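Okay, here's what each chain looks like letter by letter:
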Amino acid sequence: MNFLLYGAPGSGKGTQANMLRSRYGIPHIATGDMLRAEIAAGTPLGKQAQPILAAGHYVSDDIMIGIIRNRLRQPDCAAGFIIDGFPRTIPQAEALDVLMTELGRHFDRVLYLKVDMELLLTRLSGRMVCPTCQRTYPPASVTCSADGTPLVQREDDKAEAVRPRIEIYLEKTVPVLEHYRGEGLVSEIDGRGTIEEITARVLAAIGQNGRFNS
Ligand code: AP5
Ligand code: MG
């Protein structure tokens with residue numbers, strides 16, 4: 001099973017990817033989480049990426065394509081994967097097409113979580129994250145239920161970074177959806193409602209025995 005989670009900042013990609021990871025036992029490959037891990041470890045890539053993420057801009061296509069090429073070749077991806085946060089530009093989408101062909105893989109579904117702007121802003125401004133395992137939590141959550149770490153606010157959820165993130169998504173990432181629509185792979189999922197309601201919609205879109213519903 002190879003899934004692509006697509007949606008605006010705050011649409012619930014990380015939340016639903018956690019569910020899919022537990023259910024299918026396949027890795028959740030989140031490029032934002034990978035970059036934040038590099039930043040936390042103080043690597044050269046992390047030092048380069050830190051001001052870019054803090055401002056809500058995108059890291060260069062070359063760097064991101066290199067990261068995903070390396071990650072999808074790891075042994076834990078053999079049985080499938082859930083990609084969250086990539087591709088975010090048309091050059092990234094084209095590079096991923098080439099890579100998937102090289103690997104002899106294809107996406108079973110592109111799951112598009114559709115959420116209106118007002119709700120995105122509410123979710124981002126209240127979101128809490130675990131600095132250890134990167135799980136996300138709703139507003140007012142205090143500690144991580146998986147490892148007990150005190151939760152923090154993400155640097156790019158501060159008000160000054162949220163608007164550039166939405167603007168760059170509209171400009172660069174919305175066209176990526178059209179790329180996959182052309183291939184008939186997109187399931188559009190209403191991303192409003194409780195986490196459990198959206199999970200039920202995601203699972204319905206995935207369907208049973210390889211039969212997918214749009
Ligand atoms: P990334 O980490 O991917 O951020 P994003 O796309 O902006 O998405 P988010 O993680 O903010 O939102 P999400 O959809 O995962 O929502 P979540 O489940 O947390 O990327 C960060 C940065 O890295 C980018 O800005 C860029 O700089 C860089 N980057 C990454 N990939 C790149 C690439 N390919 N190219 C270039 N640069 C790249 O949910 C949000 C909140 O809502 C949470 O608090 C959650 O608990 C809550 N919530 C979720 N669902 C519900 C619900 N149904 N009801 C109520 N609350 C809910
Ligand atoms: Mg996320």
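Cut-offs applied
- Residues numbered from 1 in each chain as written.
- Chains lettered and ligands numbered in written order.
- Predicted model: local features only at pLDDT ≥ 70, side-chain atom pairs only at ≥ 80, totals over all residues.
- Heavy atoms only, no water.
- Patch = residues over 30% accessible without salt bridge, like charges linked within 9 Å, V, L, I, M, F, W, Y side chains within 5 Å.
- Areas by Shrake-Rupley, 256 points an atom, 1.4 Å probe, with all protein chains shown as cover.
- Salt bridge = Lys/Arg side-chain N within 4 Å of Asp/Glu carboxyl O.
- Helix = DSSP H or I, 4+ residues; strand = E, 2+ residues; numbered from the N terminus.
- Buried < 20%, exposed > 50% of the residue type's maximum accessible area, 1.4 Å probe, protein only.
- Lys, Arg positive; Asp, Glu negative; His and termini not counted.
- Polar contact = N/O pair within 3.5 Å; in protein donor to acceptor, adjacent residues only side chain to side chain.
- Contact = heavy atoms within 4.5 Å.
- Expected span 1.5 Å × (residues − 1).
- Bend = angle between axes of the 7 residues up to and from the residue.
- Core = buried A, V, L, I, M, F, W, Y, C linked by side-chain atoms within 4.5 Å.
- Near = heavy atom within 4 Å.
- Nonpolar A, V, L, I, M, F, W, Y, C, P; charged D, E, K, R; others polar.
- Pairing = 2+ DSSP bridges.

**Student:** Which parts of the structure should I look at to understand a nonpolar patch on the surface?
**Tutor:** On the surface, Met117, Leu121, Leu170 and Val174 cluster together to form a nonpolar patch covering roughly 290 Å² of accessible area. Looking at the element boundaries, methionine 117 is found in helix H6 (residues 117–126). For methionine 117, a relative accessible area of 36% corresponds to the partly exposed category.

**Student:** Hey, could you run me through the side chain of aspartate 108 in this one?
**Tutor:** With respect to the helices, strands and loops of the structure, aspartate 108 is situated in the loop between helix H5 (90–103) and strand E4 (109–114). Buried within the structure, aspartate 108 lacks any salt-bridge partner; arginine 105 is the closest side chain of opposite charge, at an N-O distance of 7.7 Å. Within polar-contact distance, the side chain of aspartate 108 engages the backbone nitrogen of asparagine 2 at 2.7 Å. Polar side-chain contacts of aspartate 108 include one of 3.5 Å to the side chain of histidine 106.

**Student:** I'm lost on the environment of arginine 36 in this one. Help?
**Tutor:** Mapping arginine 36 onto the fold places it in helix H2 (residues 31–41). Among the residues examined, arginine 36 registers a relative accessible area of 18% and is labelled buried. Sequence spacing of arginine 36 and glutamate 160 is 124 residues, and the spatial spacing of their C-alpha atoms is 18 Å. Sequence-distant contacts of arginine 36, that is, excluding residues within four places in its chain, are made with Leu53, Gln134 and Arg154.

**Student:** Any chance you could explain helix H7 (residues 159–181) here in plain terms?
**Tutor:** Given 3.6 residues per turn, any residue in an α-helix points the same way as the ones three and four places further on. In this model H7 runs 32 Å from its N-terminal to its C-terminal C-alpha over 23 residues, within 8% of the 33 Å that 1.5 Å per residue would give. If you look at H7, its biggest bend is around 45°, right at leucine 170. Among the residues of H7, those classed as buried are Ala161, Val162, Arg165, Ile166, Ile168, Tyr169, Thr173, Val176, Leu177, His179 and Tyr180. Along its buried surface, H7 packs onto strand E1 (2–7), helix H3 (44–55), H5, E4, H6 and strand E7 (186–190).

**Student:** How should the pattern of salt bridges be read in this particular structure?
**Tutor:** A side chain with one charge may pair with a side chain of the opposite charge, provided their charged atoms come close. Counted according to the given criterion, the structure contains 12 salt bridges. Aspartate 33 serves as the salt-bridge partner of arginine 36, at 2.7 Å between the closest nitrogen and oxygen. One end of the pair is arginine 36 and the other is aspartate 33, both in helix H2 and 3 residues apart, which spans about a single turn. Notably, a salt bridge pairs aspartate 156 with arginine 154, separated by 2.9 Å at the nearest N-O pair. The structure contains a network of salt bridges with shared partners spanning Arg127, Arg154, Asp156, Asp157 and Arg165.

**Student:** Help me out: how do you make sense of the nonpolar core in this one?
**Tutor:** Soluble, globular proteins show a tendency: their nonpolar side chains are buried together. The biggest cluster of nonpolar side chains holds 37 residues, and the ones touching the most others in it are Leu72, Phe81, Ile83, Leu96, Phe107 and Tyr180. For this core, the elements supplying multiple residues, two or more each, are E1, H3, helix H4 (61–72), strand E3 (81–84), H5, E4, H6 and H7. At 6 residues, H7 tops the list of elements feeding residues into this core.

**Student:** Sorry if this is basic, but what is going on with the site of ligand 1 here?
**Tutor:** Around ligand 1, the structure places 34 residues, and the nearest of them are Thr15, His57, Arg88, Arg127 and Arg165. Relative to its unbound accessible area of 1,000 Å², ligand 1 is 94% covered by the protein chains. Put simply, the parts of the chain that give the shell around ligand 1 at least two residues each are helix H1 (13–24), H2, H6, strand E6 (136–137) and helix H8 (195–206). If you tally residues by element for the shell around ligand 1, the top one is H2, at 4 residues. Here the shell around ligand 1 is composed, by residue class, of 13 nonpolar, 13 polar and 8 charged.

**Student:** Help me out: how do you make sense of the pairing of E4 in this one?
**Tutor:** Where a strand is regular, its side chains alternate between the two sheet faces. Among the 6 residues of E4, 5 are classified as buried, and the element is accordingly described as predominantly covered. Bridge analysis of E4 against E7 gives 5 bridges, and the strand direction is parallel. What sits directly across from leucine 111, in E7, is serine 187.

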